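Structural overview
What follows is the residue order along each chain.
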Amino acid sequence: GEEVAQTPKHLVRGEGQKAKLYCAPIKGHSYVFWYQQVLKNEFKFLISFQNENVFDETGMPKERFSAKCLPNSPCSLEIQATKLEDSAVYFCASSPWTGGEQYFGPGTRLTVT
Amino acid sequence: SQQGEEDPQALSIQEGENATMNCSYKTSINNLQWYRQNSGRGLVHLILIRSNEREKHSGRLRVTLDTSKKSSSLLITASRAADTASYFCATDNNDMRFGAGTRLTVKP
């Protein structure tokens, strides 16, 4: 597609439940990025992929967070056993090359209650 | 990887005035980019300036880059209420990192 698509738009989870977010990058873009934005503050980088391979995961919390980009499937970001502080908007972006312009999706707002 | 750091954190001006935002970074870069965010939406790319460029224009936007000072500025001329948004810079060093942004409010 011509836009980065993210689903769902909103997600509400009770503390301790699992949350799974999806991202369909723009067709032809090799790089996918996940960011977390809490309360309209800075974008915290989580992880990036080059096709289905992890490119940089230095921002990923080691526990509870995982992500995949499998061929012919939307990329996914999964949070096991969510905590209140995971409440944030999660943005996905794609780019044809690393270090270039990133195209952002509309975000998924995760609320953990 | 490195982050851009914007200042000021917040800026409030009247419509028609110019707005200047600054960004500093720490190590060498290939390019620096400015993005805009409206109301919690995703970032929209505004302009990219390469490390061998000193100035770039796009409509009412003017970006400068001083690699010796490791800083960049974004100037929005003749601001409009619709320019109200948060503005972020991002630098690349194999990957992109964003700062906390400058929140610009343009009062009609």
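Look up a bit, the structure's there.
First things first, this report covers the structure right here in the doc.

The next thing to look at is the pattern of salt bridges. Counted by the stated rule, this structure contains seven salt bridges over all chains. Measuring nitrogen to oxygen at the nearest pair gives 3.9 Å for the salt bridge that ties B:Glu53 to B:Lys56. We classify B:Glu53 as partly exposed; its relative accessible area is 24%. Judged by its relative accessible area of 28%, B:Lys56 falls in the partly exposed class. It is possible to trace a salt-bridge network through shared partners that takes in A:Lys18, A:Lys20 and A:Glu78.

Residue and element names in this part refer to chain A. An order of β1-β3-β8-β7 is seen for the four strands of this open sheet, with the pairing classed as antiparallel. Two strands in the sheet have a free side with no partner beyond their single neighbour: β1 (5–7) and β7 (65–68). Within this sheet the neighbouring strands show an average axis-to-axis angle of 15°, counted without direction. Note that strand β3 (residues 19–24) and strand β8 (residues 75–79) share five bridges and pair antiparallel. In the strand pairing of β8, Cys-23 is matched with Cys-75.

Calculation rules
- Residues numbered from 1 in each chain as written.
- Chains lettered and ligands numbered in written order.
- Predicted model: local features only at pLDDT ≥ 70, side-chain atom pairs only at ≥ 80, totals over all residues.
- Heavy atoms only, no water.
- Salt bridge = Lys/Arg side-chain N within 4 Å of Asp/Glu carboxyl O.
- Buried < 20%, exposed > 50% of the residue type's maximum accessible area, 1.4 Å probe, protein only.
- Pairing = 2+ DSSP bridges.
- Helix = DSSP H or I, 4+ residues; strand = E, 2+ residues; numbered from the N terminus.
- Axes fitted to C-alpha atoms, helices over the stretch in contact; angles between N-to-C directions.

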